[in-house]
Amino acid sequence: MNDNYHVFSDGRIERQDDTVRVVTDDGEKKYLPVENAEAIFLHGQLEYNTRFVSFLNQEGVAVHVFGWHDHYAGSIMPKRGQTSGQTIVDQVRAYDDPGHRLKLAKAFVDGSIHNMRSNVTYYDGRGYDFEHVLEELEDARASLDGMGTIDETMGVEARARKAYYSTFDEILPEGFVFGGRQYNPPNNEVNSLISFGNSLVYANIVSAIRATALDPTVSYLHEPGERRYSLALDIADLFKPLLADRVIFRLVNRGQLTTDDFEDDMNSCLLNEAGRKTYSKAYEKTLDETIDHPDLGKKVSYQYLLRVEAYKLKKHLLTGEEYVPFRRWW
Amino acid sequence: MTDSSTDPVDRFLDAARDETAELPFRLTGVMFQYYVVCERELWFLSRDVEIDRDTPSIVRGSDVDDSAYSDKRRDVRVDGIIAIDVLDSGEILEVKPSSSMTEPARLQLLFYLWYLDRVTGVEKTGVLAHPTEKRRETIELTPETSAEVESAIRGIREVVTAESPPPAEGKPVCDSCAYHDFCWSC
Ligand code: SF4
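You'll find chain B entered in an unreviewed UniProt entry as CRISPR-associated exonuclease Cas4, with Natrinema saccharevitans given as the organism. Reading the Sequence similarities (unreviewed entry) entry of the UniProt record for chain B gives the comment "Belongs to the CRISPR-associated exonuclease Cas4 family."

Within an unreviewed UniProt entry, the label attached to chain A reads CRISPR-associated endonuclease Cas1, and the organism entered is Natrinema saccharevitans. In its Subunit (unreviewed entry) section, the UniProt entry covering chain A states "Homodimer, forms a heterotetramer with a Cas2 homodimer." In its Sequence similarities (unreviewed entry) section, UniProt records this for chain A: "Belongs to the CRISPR-associated endonuclease Cas1 family."

This is how it looks when you write it as structure tokens:
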């Protein structure tokens, strides 16, 4: 259930009876069973037509398109199973009320810092000395209370993330030099991995939000965007440490990803196809991991945690019951 | 102008009898079931809070196969408000999905009878049945059962016009409720 399919080949993707078929440029045919799919991720250069799009629409499956340089290019979302005027009204109202917006923005940052901390604590106990980073994160988190604007709140987020990323150079093995976050384009292997991982998290959250009637463009920490699903950015911050970063550490430290999995361009460094395959496979495995959820009284997958987060936000907006951001509890 | 202090039941009846009038609040048969089962769920329903498609039994009891039901029956819609099953005998049928749903189904059926009587002036009796149970229960509109319907209408109105839903309370029915993860995640 809720499977994601990643297509790396170049070629054509099409509807074939009640399934989806990929015909690669070298004539190979692969079938994707879509009944239980949540989304299809297109990484290669693929052609598709309206018949394909309407079929997925009807099946309720999203398509997330990744373009040049692994950049997330956009999504084709199935027609909403959910529309609720009331939800959108409540969502916008909370945005429009400065106090309410700030409170939500702080909740997202608070949860993100907690989850960064959780990763750092793990390594702190395994031969690294990250006491100072943990303190810095705790300081940042504590300073949230006094912040009076979204900008200041964003500033706390940035400060925390910087401290968090400072641990990467120590945790990752030799050959993987990070030296701080670079986005456009990523300038080294680590940045390229972070970019790719974060965009997968983002796309998954776009799907999760779609399962509610929330509007993915109305957000609280990030400024609502015209061309991006900024609510997915708000929620993604909470989950990047758990989903994207842990996969990076695991693959690189175990030597499953090496510098051979990247290609240097003029002034960028990107995962090659083999690297992207390795990463997304491990990432999907992580999404399938399960954890006991004490409030729900059952085991849930990490992927389902994304859905739950969208529910929680929607519930808060609709009922006024408190929104408690996702904090890793195990 | 309707006097705002008017009883919700009267306001509902006035509006239902006058085709041009707007109903003061939305009232459907299934709301009576939710009213008995869980008022929080009723509030969600009234706000169109939907839960994703892959949750089993999205509508409580929707998985009951009542096609097994052998009586000849017709679906009748009245005023776009109620949709009833009329048996050849003229009785109104309500199927209860399970034994725990007797009370909710009974109240819904009573509402139909009440509506037919008060709005369209047609007196009917009802039958409450389960496809696999032999026993059927006859349900009639009496002064007592009418009063039950009317008090439920007032209660439903109170729930659906409230700013926020009643808080979640753990009950056995939560486990099979489509809103389970919505209510209990925090
Ligand atoms: S989960 Fe329980 S409290 Fe929530 S709506 Fe369902 S029955 Fe009501």
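> Can you walk me through the interface of chain A and chain B in this structure?
Reports of interface size often rely on the accessible area that becomes lost once the parts have come together. Listed per partner, the contact involves 23 residues of chain A and 22 residues of chain B. The tally of links from chain A across to chain B stands at two salt bridges. If you look at where chain A meets chain B, you find six residue pairs in polar contact (both at pLDDT 80 or more). When residues in the side of chain A that touches chain B are grouped by element, the largest group, nine residues, is from helix H10 (residues 302–319) of chain A. Looking at the side of chain A that touches chain B residue by residue, the classes come out as eight nonpolar, eight polar and seven charged.

> Explanation requested: the domain arrangement of chain A in the structure shown.
Residue and element names in this part refer to chain A. Segmentation of chain A into domains returns domain 1 (3–76) and domain 2 (85–319). Relative to domain 2, the C-alpha centre of domain 1 lies at a distance of 25 Å. Taken together, the 16 residues of domain 1 in the interface contact 24 residues of domain 2. Around 1700 Å² of area is buried between domain 1 and domain 2 when both sides are counted, 55% of it from carbon and sulfur atoms. For the pair domain 1 and domain 2, the number of links is one salt bridge. The closest approach of N and O atoms between Arg 307 and Glu 38, which form a salt bridge, is 3.4 Å. Inspection of the domain 1/domain 2 interface yields six residue pairs in polar contact (both at pLDDT 80 or more). Each residue belonging to the side of domain 1 that touches domain 2 can be placed in one class, and the counts come to seven nonpolar, seven polar and two charged.

> I'm lost on empty space enclosed by the protein in this one. Help?
Picture a little ball the size of a water molecule; that probe, rolled over the atoms, points out where space is still empty. Residues and elements named next belong to chain A. What the rule picks out here adds up to two cavities of 30 Å³ or more. The space that makes up the largest cavity amounts to roughly 50 Å³. Looking at the largest cavity, the residues that line it are Asn 2, Glu 38, Asn 204, Ala 208, Gln 303, Tyr 304, Leu 306 and Arg 307. Elements with a contribution of two residues or more to the lining of the largest cavity: helix H7 (189–210) and H10. No other element matches H10, which puts four residues into the lining of the largest cavity.

> Even after reading the chapter, I still don't get the site of the ligand, so can you show me in this structure?
All names here are of chain B. The environment of the ligand is made up of Cys 38, Arg 40, Glu 41, Val 173, Cys 174, Cys 177, Tyr 179, His 180, Cys 183 and Trp 184. Among the secondary structure elements, those contributing two or more residues to the shell around the ligand are helix H3 (39–46) and helix H6 (180–184). Ranked by residues supplied to the shell around the ligand, first place goes to H6 with three residues. Class assignment of the residues belonging to the shell around the ligand gives a composition of seven nonpolar, one polar and two charged.

> Sorry, what's going on with the side chain of Arg 40 of chain B here?
By secondary structure assignment, the location of Arg 40 of chain B is in helix H3. Note on Arg 40 of chain B: relative accessible area 3%, which makes it buried. A polar side-chain atom of Arg 40 of chain B sits 2.8 Å from a polar atom in the side chain of Glu 321 of chain A. Contacts of Arg 40 of chain B, omitting those with residues within four sequence positions, involve Lys 315 and Glu 321 of chain A together with Pro 165, Pro 166, Pro 167, Ala 168 and Cys 183 of chain B.

Reading the values: rules and limits
- Residues numbered from 1 in each chain as written.
- Chains lettered and ligands numbered in written order.
- Predicted model: local features only at pLDDT ≥ 70, side-chain atom pairs only at ≥ 80, totals over all residues.
- Heavy atoms only, no water.
- UniProt positions renumbered as here; feature names shortened; annotations may be inferred.
- Contact = heavy atoms within 4.5 Å.
- Salt bridge = Lys/Arg side-chain N within 4 Å of Asp/Glu carboxyl O.
- Polar contact = N/O pair within 3.5 Å; in protein donor to acceptor, adjacent residues only side chain to side chain.
- Helix = DSSP H or I, 4+ residues; strand = E, 2+ residues; numbered from the N terminus.
- Nonpolar A, V, L, I, M, F, W, Y, C, P; charged D, E, K, R; others polar.
- Domains from an automatic or database assignment.
- Buried area = accessible area lost by both parts, 1.4 Å probe.
- 1 Å grid on protein atoms, 1.4 Å probe; cavity = no way out; pocket = protein on both sides within 12 Å on 5 of 7 lines; lining within 4 Å.
- Points joined across faces, edges and corners; volume = space filled by probe spheres on them.
- Near = heavy atom within 4 Å.
- Buried < 20%, exposed > 50% of the residue type's maximum accessible area, 1.4 Å probe, protein only.

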